[in-house]
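Listed below, chain by chain, are the residues.
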Amino acid sequence: LPLLLEATLLPLATGSHHPFYNGFYYNHIMNDKGNGQEKAVYFNGARLWVETPKDPVYSTNGANVTLPCHYHFEPDMEAKRKIRIKWSKLRDDYTKEKDVLVAIGKTSVAFGDFRGRAQLHQAGRREASLVISDVRLQDDGKYRCEVIDGLEDESDVVDLRLQGIVFPYQPPRGQYRLNFHEAEQVCQEQGAVLASFNQLFQAWNEGLDWCNAGWLSDGTVQYPIRLPRKPCGGLHLAPGIRSYGPRHRHLHRFDAFCFSSGLRGEVFYLNHPAGMTLEEAKQSCQDAGAEIARVGHLYSAWKFLGLDRCDAGWLADGSVRYPIAKPRANCGPAEPGVRSFGFPSKGRFGVFCYKER
């Protein structure tokens, strides 16, 4: 046992000579002069402040966005070292961070799926803003801007929100058939991602009322109710988001709430006098230089482009739907929305196609 303890403690005592800052090692090749020499770090006597917007920054799928971040010293002074900047993406519960970008001076490194899409914007004095190009659905969330000057380390958070739409999704085989991982997959197959709680709450604020429980991106199961009723939690409960809390991601099964944002292309409708089967519909879209649209494409076109068509059409998952922006007679309920005929095994319909710009 003494030999084992000695073998364990020796590396701890001798091998941790690199300075360590909040999950990122700044080793000897990344000092101020870049000459491979270690450098002692001293407190400069000034307080470091980091500031980001208190209001969310909004963007859409495929756009470029800047997350503002600035820093200053009190009392005012010029930094004697190159400032170290780190951007991280946070989880909703702040328990885990995902590295986005680290920069020292003019040298920066982006990580993961942010490679080639994330860079610093330092046009102004003491600016540490982050530019994300080709924004993706998964980019929605909170980001930490961390500025490090020697022993001084301060940070603040920016909330990036994608303008989009939440839609409930049920697979062809029926209600409550998806575990968490299957829910993630079906949303991706529909050109979307699992919605976050904030996205579901925003959709509820905008009028979403749905009595079936569905997975959210944090592994909880919830559903939005605008009009309380007996089958949906009871008449005695106020309107709001009903929650089942966290569920077992493999064993428990529910529906899914998916989130889709702006389109990078257009959705259009094709028809044939005799209608089309699903396979014929897919071929018709291909012949038009497009693909059969996914559910997320249709919802986004309805929400952001005002797509309005009182003709039912096939979608990629085998469902038949149609979007109504201006309710009218013989086109379903009196409210705008995407109407669904379910997943017919037979029948001939038109088709909604999607073409990238």
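Residues numbered from 1 in each chain as written. Predicted model: local features only at pLDDT ≥ 70, side-chain atom pairs only at ≥ 80, totals over all residues. Heavy atoms only, no water.

The name recorded for the protein in an unreviewed UniProt entry is HPLN3 protein, from Caloenas nicobarica. In its Sequence similarities (unreviewed entry) section, the UniProt record describing the protein reads: "Belongs to the HAPLN family." As stated in UniProt under Subcellular location (unreviewed entry), the record for the protein gives "Secreted, Extracellular space, Extracellular matrix". (UniProt positions renumbered as here; feature names shortened; annotations may be inferred.)

Another aspect to go through is the overall build of the protein. Per the secondary structure count, the protein includes five helices and 25 strands. For the protein, the proportion of its 357 residues judged to be buried stands at 44%. Nonlocal contacts in the protein, meaning residues at least 24 apart in sequence, comprise 60% of its contacts between residues at least 6 apart. (Helix = DSSP H or I, 4+ residues; strand = E, 2+ residues; numbered from the N terminus. Buried < 20%, exposed > 50% of the residue type's maximum accessible area, 1.4 Å probe, protein only. Contact = heavy atoms within 4.5 Å.)

Counting buried positions along strand β25 (residues 350–356) yields five of seven residues, so the element is predominantly enclosed. Strand direction decides the pairing type here: strand β20 (residues 265–270) and β25, joined by six bridges, are antiparallel. For Leu270, the partnering residue across the bridge sits in β25 and is Val351. Sheet topology note: the strand β21 (residues 291–292)/β25 ladder contains two bridges and is antiparallel. Residue pairing across strands places Glu291 opposite Tyr354, the latter belonging to β25. (Pairing = 2+ DSSP bridges.)

Moving on, we come to the nonpolar core. One finds Leu67, Trp87, Leu101 and Phe352 to be the most contacted residues of the largest nonpolar core, which totals 87 residues. At five residues, helix α5 (residues 295–305) tops the list of elements feeding residues into this core. (Core = buried A, V, L, I, M, F, W, Y, C linked by side-chain atoms within 4.5 Å.)

Take the side chain of His297 next. In this structure, His297 sits in helix α5. Once residues lying within four places of it in the same chain are set aside, the contact partners of His297 are Gln190, Leu263, Val267 and Tyr354.

In this structure, Arg321 sits in strand β23 (residues 320–324). For the pair Arg321 and Val338, spaced 17 residues apart in sequence, the C-alpha to C-alpha distance is 6.7 Å.

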